[in-house]
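Residue-level listing of the chains:
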Amino acid sequence: MEAPTLGGVRLPRGSGETVRLPRGASLTDFAEKIDASPADLVKVLIGLGEMVTATQSIDDDTLMLLGTELNFDVQVVSPEDEDRELLESFDLEFGEDEGEVGDLEARSPVVTVMGHVDHGKTKLLDAIRKTNVVSAEAGGITQHIGAYQAVAHTPDGDRTLTIIDTPGHEAFTAMRARGAEVTDIAILVVAADDGVKPQTIEALNHAQAAQVPIVVAVNKVDKEGADPTKVRSQLTEYGLVAEDFGGDTMFVDVSALQGMGMEPLLEAVLLTADAALELQANPHQNAQGVAIEAHLDRGRGPVATVLVQRGTLRQGDSIVTGDAFGRVRAMLDDAGNSVEEAGPSTPVQVLGLTSVPGAGDSFLVVEEDRTARHIAQTRQARERNAQLAKSRVKRSLEDFLESLEKGEVQELTLIIKGDVSGSVEALEDALMKIDVGEDVNLRVIHRGVGAITKNDVTLASASQAIILGFNVRPEGKVAEFASTEGVDVRYYSVIYQAIDEIEAALKGMLKPEFEEAQLGTAEVREVFKSSKFGTIAGCLVQSGEVKRNAKARLIRDGAVVADNLSIAGLRRFKDDVTEVREGFECGINLGSYQDVKVDDVIETFEMREKKRPA
Ligand code: GDP
């Protein structure tokens, strides 16, 4: 067949051969694969009514369209496949134990607690921790790192269990959604005075969908009106038949409040695990597993809790998790003790990563630092490309006019930033559940942990997205940049408030009457204690002005550490003043709030009535 030409240019033409392109590839990437010039491909796309530059990321449909036009069989490679190939190129594989069957050893079950709200999940987690904790010596301070190990004293001796201590099936589902199968066994908590409730069923469905065996903890049996038998009969309808009803699901009556029944509950979990699962892993290989929680710590940098699934993690190991990498500088258990190594089913907090991974990201140990760096950076680049591809508003003039006429521009695009990955995922999850009918769509194009960055704003601006900051603020001058770019940044500290507002926006009913007007920011340079005034922050006003009695919040490392404050006292040298402008030093007193540290930023604002469009 004659090669097609355009403006005298001879175009590359395939004969149906396969071209593999990663999601979000550019025309330059495509051109390289088929040995053509990117500029020619740009022209072809113009001919097809698409305006794109050579380096811009292209969405899947356009890549396929171009393929068809030039007679190539374009296969857009999924991120999962691509990641597998990336690891393969370093002779790595995630998810399988290495070695022979003989290398496998028994490991502890990993347990998640699920159930209806207020049925006692949190109390139960505390009760197990109190009565059966492994690591904390008497009086030791336990800390929530996302998981802990408990011990059960069985007739065959002591056995450990690993308990994930973020209750609720949201966390469970969010991790599963990212392909992380962490949980071996679920404890379904049902309050005996309340019975089976909607979220009981939801939790049960999630566990069954993941083929995770369930042990039922019938809680609050100490309460008057408790009816443990009713719980058993209610659950038979959902396929959970108690042993005394002739089934094989173990039900254990407990009182989390009184710490009663914890031993039998843990034993039931172990028995169920022994009967239904063969929990084994090879401890003698480089460690692999999943990051279950992560956040940015002021003093220690990125801190991630990882659950080792196979192999043994050691201090000094080079590790890559999601798009974060680093060397394990220190490891801590749930009692804050330093540990040297962690084997299968052990949760540990890891210090030494260069950035914050997401909850549910896999981790693996590699032989060399540069391998970890390379994998992480490749993933970062891929993520960036994928985002850009998604954010490219694919719209020809005709399409656009059409959708305007039909009033079809009905997609709300969001970027979510939060202080810990758990809250970012919880928020995204909750937002995705908002039901506003078919003609309105909600899309999250980027999410992350930490302050709102210039990059976030650029992406928002390019894709007409709104940024939601959950307990985080913009870094440096990013707030100003956002306003010049016309990007809407909204701040929340309560998930429900965010959901309400987004839901209202989606329903076209958003009518905020007041909005926050930023007055200024001041950076804390010194902190004084005065017997008369309490804590005084010696500050330099960095932007705008600080006014006495204005509202204030305290920002540390880009995260809000205290809200609802006010500028109770404002002084220059020895004088009380009503306002201090940019570039001047002053002493600020935040009333009864005392926990101010050097480098904190005090942000002041007032509430103004919002102008409504006429
Ligand atoms: P969650 O929402 O499932 O995490 O529930 P919580 O653990 O926060 O418990 C909800 C309420 O039930 C709290 O007020 C607990 O003190 C109470 N509670 C939890 N377990 C028991 C129990 O065994 N007996 C009684 N009487 N109250 C309990």
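Predicted model, so just to flag it, every value in this text is computed and none were measured. (Residues numbered from 1 in each chain as written. Predicted model: local features only at pLDDT ≥ 70, side-chain atom pairs only at ≥ 80, totals over all residues. Heavy atoms only, no water.)

### Some points on the overall build of the protein
Here comes step 1: When its secondary structure is counted, the protein shows 15 helices and 33 strands.
Here comes step 2: Of the contacts formed within the protein by residues at least 6 apart in sequence, a portion of 71% connects residues at least 24 apart.
Here comes step 3: Summed over all atoms, the accessible surface of the protein reaches about 29,800 Å², with 48% contributed by carbon and sulfur. (Helix = DSSP H or I, 4+ residues; strand = E, 2+ residues; numbered from the N terminus. Contact = heavy atoms within 4.5 Å. Areas by Shrake-Rupley, 256 points an atom, 1.4 Å probe, with all protein chains shown as cover.)

### Looking at a negative patch on the surface
Here comes step 1: Together, E88, D91, E93, E96 and E98 line one region of the surface with negative charge.
Here comes step 2: Note that E88 resides in helix α4 (residues 79-88). (Patch = residues over 30% accessible without salt bridge, like charges linked within 9 Å, V, L, I, M, F, W, Y side chains within 5 Å. Salt bridge = Lys/Arg side-chain N within 4 Å of Asp/Glu carboxyl O. Lys, Arg positive; Asp, Glu negative; His and termini not counted. Charge placed at Lys NZ, Arg CZ, Asp CG, Glu CD.)

### Quick look at the site of the ligand
Here comes step 1: The immediate surroundings of the ligand are formed by 15 residues, with D118, K121, T122, K123 and D222 found nearest.
Here comes step 2: Backbone polar atom of K121 to an oxygen atom of the ligand: 2.8 Å apart, as the coordinates give it.
Here comes step 3: Within the backbone of K123, a nitrogen or oxygen atom sits 2.8 Å from an oxygen atom of the ligand.
Here comes step 4: Taken together, the residues of the shell around the ligand sort by class into 3 nonpolar, 6 polar and 6 charged. (Near = heavy atom within 4 Å. Polar contact = N/O pair within 3.5 Å; in protein donor to acceptor, adjacent residues only side chain to side chain. Nonpolar A, V, L, I, M, F, W, Y, C, P; charged D, E, K, R; others polar.)

### Some points on the state of the cysteines
Here comes step 1: Considering all chains together, one arrives at 0 disulfides under this definition.
Here comes step 2: Unpaired in this structure, C539 has its nearest cysteine sulfur neighbour in C586, at a distance of 5.3 Å.
Here comes step 3: A relative accessible area of 6% places C586 in the buried class. (Disulfide = S-S within 2.5 Å. Buried < 20%, exposed > 50% of the residue type's maximum accessible area, 1.4 Å probe, protein only.)

### Thoughts on the pairing of strand β32 (residues 585-589)
Look at any regular strand and the pattern is simple: side chains alternate between the two faces of the sheet.
Here comes step 1: Counting buried positions along β32 yields 4 of 5 residues, so the element is predominantly enclosed.
Here comes step 2: Two elements, strand β26 (residues 534-547) and β32, share 4 bridges in a ladder whose sense is antiparallel. Counterpart to L540 in the pairing with β32 is E585. (Pairing = 2+ DSSP bridges.)

### Looking at the environment of A31
Here comes step 1: Mapped onto the secondary structure, A31 falls in helix α1 (residues 27-34).
Here comes step 2: Exposure remark for A31: the relative accessible area of 1% places this residue in the buried category.
Here comes step 3: Along the backbone, A31 and L41 are 10 residues apart, and their C-alpha atoms lie at a distance of 7.1 Å.
Here comes step 4: If near-sequence neighbours (up to four positions away) are discounted, A31 is found in contact with A36, S37, P38 and L41.

### Some thoughts on α4
Here comes step 1: For α4, the complete set of buried residues consists of E82, D83, L86 and L87. Buried residues of α4, seen end-on, are gathered within an arc of 135 degrees and therefore sit on one face of the element. (Arc of directions from axis to C-beta.)

### Some details on the packing of helix α13 (residues 454-463) against helix α14 (residues 478-485)
Here comes step 1: Viewed as axis vectors pointing N to C, α13 and α14 meet at an angle of 10 degrees, and their least axial separation amounts to 9 Å. Comparing their axes, α14 and α13 come out roughly parallel. Residues K454, V457, T458 and S461 of α13 pack against V478, F481, A482 and E485 of α14.
Here comes step 2: Counted by class, the contact of α13 with α14 contains 4 nonpolar, 2 polar and 2 charged residues. (Axes fitted to C-alpha atoms, helices over the stretch in contact; angles between N-to-C directions. Parallel < 35°, antiparallel > 145°, perpendicular 65-115°, else oblique.)

### Details of the packing of aromatic side chains
Here comes step 1: Evaluation of the coordinates by the stated rule reveals 0 aromatic pairs.
Here comes step 2: It is R310 that lies over the ring of F94; its NZ or CZ is 5.4 Å from the centre.
Here comes step 3: The positively charged end of R473 is found above the aromatic ring belonging to Y491, 3.7 Å away from the centroid. (Phe/Tyr/Trp six-rings, centres within 6.5 Å; stacked < 30°, edge-to-face > 60°. Lys NZ or Arg CZ within 6 Å of the ring centre and 35° of its normal.)

### Some thoughts on the sheet that holds strand β11 (residues 251-253)
Here comes step 1: Sheet architecture is open: 6 strands sit in the order β7-β8-β6-β9-β10-β11, paired in mixed fashion. Single-partner strands in this sheet number two, and they are β7 (147-154) and β11. For this sheet, the mean inter-axis angle between neighbouring strands, taken without regard to orientation, is 30 degrees.
Here comes step 2: Bridging between β7 and strand β8 (residues 157-164) involves 8 bridges; their strand directions are antiparallel. If you follow T154 over to β8, its bridge partner there is G157.

### Details of the environment of G469
Here comes step 1: Mapped onto the elements, G469 comes out in strand β23 (residues 465-470).
Here comes step 2: Residues G469 and I415, spaced 54 residues apart in sequence, show a C-alpha to C-alpha distance of 8.5 Å.
Here comes step 3: Those residues in contact with G469 that lie beyond four places of it in its chain are K417, I452, R490, Y491 and Y492.

### Digging into the nonpolar core
Proteins that are soluble and globular tend to have nonpolar side chains buried together.
Here comes step 1: L124, I128, L161, I163, I187 and L265 are the most contacted members of the largest nonpolar core, which totals 28 residues.
Here comes step 2: The set of elements that each furnish at least two residues to this core consists of β6 (110-115), α5 (121-132), β7, β8, β9 (185-191), β10 (214-219) and α9 (262-276).
Here comes step 3: Looking at this core, the element that brings in the most residues is α9, giving 7 residues. (Core = buried A, V, L, I, M, F, W, Y, C linked by side-chain atoms within 4.5 Å.)

### With respect to the packing of α1 against helix α3 (residues 60-70)
Here comes step 1: Where α1 meets α3, the axes come as close as 12 Å, and the angle between the chain directions of the two elements is 35 degrees. When the axes of α1 and α3 are compared, the crossing they make is right-handed. Here L27, F30 and I34 of α1 come into contact with α3, specifically with L63, L66, G67 and L70.
Here comes step 2: In terms of residue class, the contact of α1 with α3 is made up of 6 nonpolar, 1 polar and no charged. (Left-handed = near helix turned anticlockwise from the far one by under 90°.)

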